[in-house]
Number of protein chains: 2
Amino acid sequence: MTIDPQIVKSLQAIVGRKHVLTSQEDLLCYSFDGTFAEFMPDLVVEPRSTEEVSAILQLAYAHEIPVIARGMGSGLAAGTVPFGGGIVVPLTRMNQILEIDRENMTATVEAGVITVDLQNAVEEHGLFYPPDPASIKHSTIGGNIACNAGGPRCLKYGVTGNYVMGVTVVLADGRVFSSGGKTIKNVTGYSFSELFTGSEGTLGIITEAVLRLISKPRFVRTAVAAFDRLGDASRAVNSILFTGIVPATLELMDETAIVCIEEAMHLGLPLDKEAILIIESDGFDEEGVKHEIKAIARICRDSGASDVQVARDEAGRDKLWRARRSVSPSLARRAPNKLGEDISVPRSQIPEAVRRIKEISQRYGLPIVVFGHAGDGNLHPNILFDKRDPEQWEKVQRIVGEIFATAVELGGTLSGEHGVGTLKLPYLESDVGRVSIEIQQAIKQALDPKGILNPGKALPLMEPSAHF
Amino acid sequence: MTIDPQIVKSLQAIVGRKHVLTSQEDLLCYSFDGTFAEFMPDLVVEPRSTEEVSAILQLAYAHEIPVIARGMGSGLAAGTVPFGGGIVVPLTRMNQILEIDRENMTATVEAGVITVDLQNAVEEHGLFYPPDPASIKHSTIGGNIACNAGGPRCLKYGVTGNYVMGVTVVLADGRVFSSGGKTIKNVTGYSFSELFTGSEGTLGIITEAVLRLISKPRFVRTAVAAFDRLGDASRAVNSILFTGIVPATLELMDETAIVCIEEAMHLGLPLDKEAILIIESDGFDEEGVKHEIKAIARICRDSGASDVQVARDEAGRDKLWRARRSVSPSLARRAPNKLGEDISVPRSQIPEAVRRIKEISQRYGLPIVVFGHAGDGNLHPNILFDKRDPEQWEKVQRIVGEIFATAVELGGTLSGEHGVGTLKLPYLESDVGRVSIEIQQAIKQALDPKGILNPGKALPLMEPSAHF
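Residues numbered from 1 in each chain as written. Chains lettered and ligands numbered in written order. Predicted model: local features only at pLDDT ≥ 70, side-chain atom pairs only at ≥ 80, totals over all residues. Heavy atoms only, no water.

Residue and element names in this part refer to chain A. A sheet is described by the order of its strands in space; here five strands give the open sequence β5-β6-β10-β8-β9, paired in antiparallel fashion. This sheet does not close on itself; its edge strands, each paired only once, are β5 (97-101) and β9 (176-180). Mean inter-strand twist for the sheet, computed between neighbouring axes without regard to direction, equals 10°. Its contacts with the sheet put helix α4 (residues 115-123) on β5, β6 (106-110) and β10 (205-212), and the angle it makes with β5 is roughly 35°. (Pairing = 2+ DSSP bridges. Helix = DSSP H or I, 4+ residues; strand = E, 2+ residues; numbered from the N terminus. Axes fitted to C-alpha atoms, helices over the stretch in contact; angles between N-to-C directions. Contact = heavy atoms within 4.5 Å.)

This part covers the packing of helix α13 (residues 350-364) of chain B against helix α14 (residues 390-409) of chain B. All names here are of chain B. With their axes 10 Å apart at the nearest point, α13 and α14 run at an angle of 160° to one another. On the basis of the axis angle, α13 is roughly antiparallel to α14. Helix-helix and strand crossings are classified by hand; for α13 and α14 the assignment is right-handed. Along its contact with α13, which presents Arg356, Ile360, Arg363 and Tyr364, the element α14 presents Lys395, Arg398, Ile399, Glu402, Ile403, Thr406 and Glu409. Here the contact of α13 with α14 is built from residues that sort into four nonpolar, one polar and six charged. (Parallel < 35°, antiparallel > 145°, perpendicular 65-115°, else oblique. Left-handed = near helix turned anticlockwise from the far one by under 90°. Nonpolar A, V, L, I, M, F, W, Y, C, P; charged D, E, K, R; others polar.)

A word on the interface of chain B and chain A. At the interface, 77 residues of chain B touch 77 residues of chain A. Here chain B packs against chain A, burying approximately 6000 Å² in sum over the two surfaces, 61% of which is carbon and sulfur. Considering only the surface of chain B that becomes buried against chain A, B:Lys185, B:Tyr190 and B:Phe242 emerge as the three largest contributors, covering 16% of it. In this assembly, chain B and chain A are joined by six salt bridges. Of the charged contacts in the structure, one is a salt bridge between B:Arg175 and A:Glu438, with a shortest N-O distance of 2.5 Å. Put simply, chain B and chain A have 36 residue pairs in polar contact (both at pLDDT 80 or more) between them. Those elements that place two or more of their residues in the side of chain B that touches chain A are β9 (176-180), α7 (192-196), α8 (230-242), α15 (428-432) and α16 (434-447) of chain B. Among the elements that take part in the side of chain B that touches chain A, α16(B) stands out by supplying 10 residues, more than any other. Considering only residue class, the side of chain B that touches chain A consists of 29 nonpolar, 34 polar and 14 charged. (Buried area = accessible area lost by both parts, 1.4 Å probe. Salt bridge = Lys/Arg side-chain N within 4 Å of Asp/Glu carboxyl O. Polar contact = N/O pair within 3.5 Å; in protein donor to acceptor, adjacent residues only side chain to side chain.)

Further remarks concern the relation of the copies chain B and chain A. When chain B is fitted to chain A, the best match, at an RMSD of 0.0 Å, comes from turning it 180° and sliding it 0.0 Å along the axis. Interpreted geometrically, this transformation is the action of a two-fold axis. (Least-squares fit on C-alpha atoms with pLDDT ≥ 70 in both.)

It is worth spelling out helix α3 (residues 50-63) of chain B at this point. Count 3.6 residues to each turn of an α-helix, and residues three or four apart come out pointing the same way. Between the first and last C-alpha of α3(B) there are 20 Å, a value that for 14 residues agrees with the 20 Å anticipated at 1.5 Å per step. Looking only at α3(B), the buried set comprises B:Thr50, B:Glu52, B:Val53, B:Ser54, B:Ile56, B:Leu57, B:Leu59, B:Ala60 and B:Tyr61. (Expected span 1.5 Å × (residues − 1). Buried < 20%, exposed > 50% of the residue type's maximum accessible area, 1.4 Å probe, protein only.)

With that settled, consider the pattern of salt bridges. All names here are of chain A. The final tally for this structure, using the stated rule, is 64 salt bridges over all chains. One salt bridge connects Lys424 with Asp342, and the closest N-O pair in it is separated by 3.8 Å. In this pair, Lys424 sits in the loop between α14 (390-409) and α15 (428-432) while Asp342 sits in the loop between β16 (337-340) and β17 (343-344), placing the two residues 82 residues apart along the sequence. For the residue pair Lys424 and Asp342, the accessibility class agrees, reading buried in each case.

Attention now moves to the sheet that holds strand β4 (residues 87-90) of chain A. Picture the strands of a sheet paired through backbone hydrogen bonds; they go either parallel or antiparallel. Residue and element names in this part refer to chain A. One open sheet holds the four strands; their spatial order is β1-β2-β4-β3, and the pairing between them is mixed. Every other strand in the sheet has two partners, leaving β1 (20-21) and β3 (67-70) as the edge strands with one partner each. Relative to β4, β3 is paired through four bridges, and the arrangement is parallel. Counted as the bridge partner of Val67 is Ile87 from β4.

Applying the stated criterion across every chain, the model contains 22 aromatic pairs over all chains. With centroids separated by 6.3 Å and ring planes inclined at 65°, the aromatic side chains of B:Phe192 and B:Phe196 adopt a geometry described as edge-to-face. Of this pair, B:Phe192 and B:Phe196 both sit in helix α7, four residues apart, which is roughly one turn of that helix. Following the ring pairs from residue to residue traces out a cluster consisting of A:Phe177, A:Tyr190, A:Phe192 and A:Phe196. Sitting over the face of the ring of B:Tyr163, B:Arg212 holds its NZ or CZ atom 4.5 Å from the ring centroid. (Phe/Tyr/Trp six-rings, centres within 6.5 Å; stacked < 30°, edge-to-face > 60°. Lys NZ or Arg CZ within 6 Å of the ring centre and 35° of its normal.)

Glancing now at the domain arrangement of chain A. Entries for chain A in the domain assignment read domain 1 (5-90), domain 2 (97-215), domain 3 (219-329) and domain 4 (335-409). On a C-alpha basis, the centroid separation for the pair domain 1 of chain A and domain 4 of chain A is 33 Å. (Domains from an automatic or database assignment.)

Of note, the phi angle at A:Ala78 is positive, near 55°, even though the residue is not glycine. Inspection of the secondary structure puts A:Ala78 in the loop between β3 and β4. Given the relative accessible area of 0%, A:Ala78 is considered buried. Here the phi dihedral of B:Asn454 falls at roughly 40°; this positive angle occurs in a residue that is not glycine. Here B:Asn454 shows up in the segment after α16.

Dropping the structure here:
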């Protein structure tokens with residue numbers, strides 16, 4: 001689509017001439033996210049305030065131009081790729097931490113604040129913002145909320161949505177409203193903070209949020225346990241949680257992941273084990289944390305771990321986390337490309353899910369590495385392949401379909417933390433069912449009757465005839 | 001309204017003749033809740049399954065008859081009083097715990113299960129369902145979810161909504177769908193479990209839920225701290241939470257509450273203190289729990305508590321909880337009637353909220369007792385009065401309005417855990433604003449275009465012309 005020069009002028013009047021990007025070089029930067037998908041936007045408009053977002057949307061709504069809100073574009077489901085063109089609206093200029101309220105333990109932030117910047121800022125006050133998506137160093141709070149981002153620490157501390165106490169949202173037609181705030185308990189009106197969280201920019205644009213903070217844990221201990229059998233690792237996970245211990249993180253890496261890391265990092269990881277768990281305990285009482293990590297180590301041994309080590313110091317802990325964090329990059333040594341998925345299954349189904357994924361891998365002859373957040377059943381199967389080979393790329397598509405089918409068959413879901421975006425749309429109905437999609441569409445239609453907000457993402461477009 | 005005898009026959013065919021109640025005596029039982037409001041339903045229909053609920057709604061939808069879903073009717077906002085008549089649908093026959101899954105730590109339940117029955121059942125498996133509304137012994141899980149019920153333990157463990165992993169819902173037109181399930185992390189599709197939680201029966205009827213369980217804490221210690229000044233009690237609350245300690249409960253009672261309890265129970269409470277805090281610490285490590293309650297006691301003393309005692313044994317603990325639980329009944333000694341409200345304010349505003357409420361009380365010459373969940377800013381001001389005196393009843397209405405205005409002015413909200421129902425509707429816009437109400441109405445209209453589900457509750461009816 002081409003955007004009328006008069007509209008471009010009006011947008012320039014709203015945000016200033018230099019914040020309306022039109023050159024192909026500039027537009028290119030907003031044509032992709034963390035996936036293989038890409039599509040050129042017609043225009044990029046960078047607002048500095050909720051009022052500017054509102055003015056942009058009033059204009060776009062009047063002219064029925066698609067608007068794709070975006071943080072840093074680190075998404076893994078092609079949720080911000082502007083298929084069909086339109087105006088991309090990065091919230092990155094809205095990057096102010098407006099307030100850190102020590103007494104109420106809240107932070108009020110603009111959507112474009114980088115998550116790690118928020119974390120560092122609140123930690124200076126002895127406070128803690130727990131959600132830690134892998135993209136933490138470059139993704140924004142607004143993007144995290146729009147996708148309800150997770151991360152390793154979410155086992156103990158909950159996902160992004162558990163920290164959203166209030167949101168300011170601009171609706172499709174430019175109306176602005178706030179929901180929630182600094183009250184911890186609030187049952188007045190529908191749960192809008194929760195509805196907009198995870199709605200992937202399809203119901204409104206989140207411009208500000210009030211976030212819950214907690215006190216920063218003062219002590220942390222990390223253990224690594226190696227298992228000959230993956231099933232034993234899974235049993236250990238359940239046994240730990242059943243005793244009432246909730247580790248800060250409980251991360252699983254399968255044997256292919258271990259081998260890849262070891263090849264890349266030479267950390268001395270065992271190469272003949274089906275699984276490694278990295279488990280971290282944190283808290284406010286040094287003795288309590290030590291006591292907990294010892295109990296965890298014992299449970300791992302009792303569940304069949306062949307080797308359990310507790311990091312003695314920060315250097316040892318750092319080594320373990322370097323291992324965990326290097327999983328994804330280390331896979332690059334194995335194949336030119338990887339495609340990381342994000343299924344979530346009931347915790348008890350982890351062994352069966354991994355078994356089936358390995359079977360799929362063998363059948364197609366492409367390696368699939370499995371790692372993820374074992375404590376909450378959220379697994380990241382990564383398919384290794386060479387995108388230049390059309391046959392492999394075609395296989396990858398079919399593998400993805402089979403992985404999703406496996407998740408759903410096991411009572412799980414397509415996405416634990418990445419979202420549906422564009423890429424998971426074809427599989428959505430198999431997971432949530434027809435009626436759920438109808439309700440999503442009804443709500444989308446109610447809040448965005450012209451369908452201008454991030455069209456074709458998160459839920460299927462309605463039949464054109466169904467729009468009024 | 002009168003319901004056509006043919007429709008009554010069809011309803012009898014769905015649920016069985018004896019489960020369609022028509023006598024005035026039977027209907028009377030479903031004409032009120034925990035408030036002073038009442039209105040006779042036209043019919044009560046008691047389903048035994050999701051399918052029966054669906055069949056009832058298909059019929060009601062076709063004939064545009066209001067349907068008011070209901071648990072045990074213990075609500076405190078007239079949310080289930082069938083103003084305007086229609087069919088009351090109690091979910092109380094759907095009272096089966098369908099599964100307790102020890103491995104995934106979940107319970108799958110029908111909506112009519114009494115909350116305490118679920119708690120007892122899961123505790124037999126070493127598991128724990130934390131939400132503990134005061135009505136726990138007679139309210140249902142379905143009602144708890146529909147109102148997103150709270151309770152003292154929610155400070156540490158979160159409200160009902162934090163335990164809802166999945167719901168099965170029957171929509172206004174009888175369509176059935178499920179959202180969520182046993183996966184801990186799930187970002188596939190909009191957050192429907194969250195949207196239906198707290199929607200007070202206006203968007204659909206929740207018939208089943210998958211609930212998250214945790215391990216049952218093994219040790220508990222309880223302390224009571226008396227403060228000469230309420231401001232000091234409030235400071236103690238903030239200091240405790242800021243150290244990273246999250247007590248299981250942190251309950252506040254003001255001086256009037258203390259005096260009422262003491263008059264009724266003779267527990268030896270001090271009568272000259274502005275506030276008492278009852279604080280409970282729980283966990284899995286006996287030493288850790290002891291250590292924590294000692295730290296709490298120290299912080300209370302440092303914050304100005306004139307007396308702090310830690311219960312030595314279960315008998316001592318029981319005495320403290322008898323005191324807390326007897327607040328509400330003990331008020332009956334002071335006045336024939338009481339009206340309990342449920343405001344929530346940012347924690348830092350508790351002293352100011354209490355000060356203003358006391359000022360309102362003095363100005364109107366009616367006692368207002370304040371107690372509640374200080375840790376999360378959720379206060380229950382209880383107005384004492386004699387309903388037979390029309391002048392007092394009129395004052396009570398005005399006092400309620402002033403209390404709500406105070407909550408909103410202080411950045412708080414009308415309801416922390418009771419819901420909006422009918423009684424708070426006149427104040428809703430002052431809290432959430434016009435746009436929020438418009439969005440609520442748009443979503444209501446999208447899911448229940450004929451407006452048959454619990455009409456006139458939780459959000460204002462749309463102008464008739466706005467319905468299609």
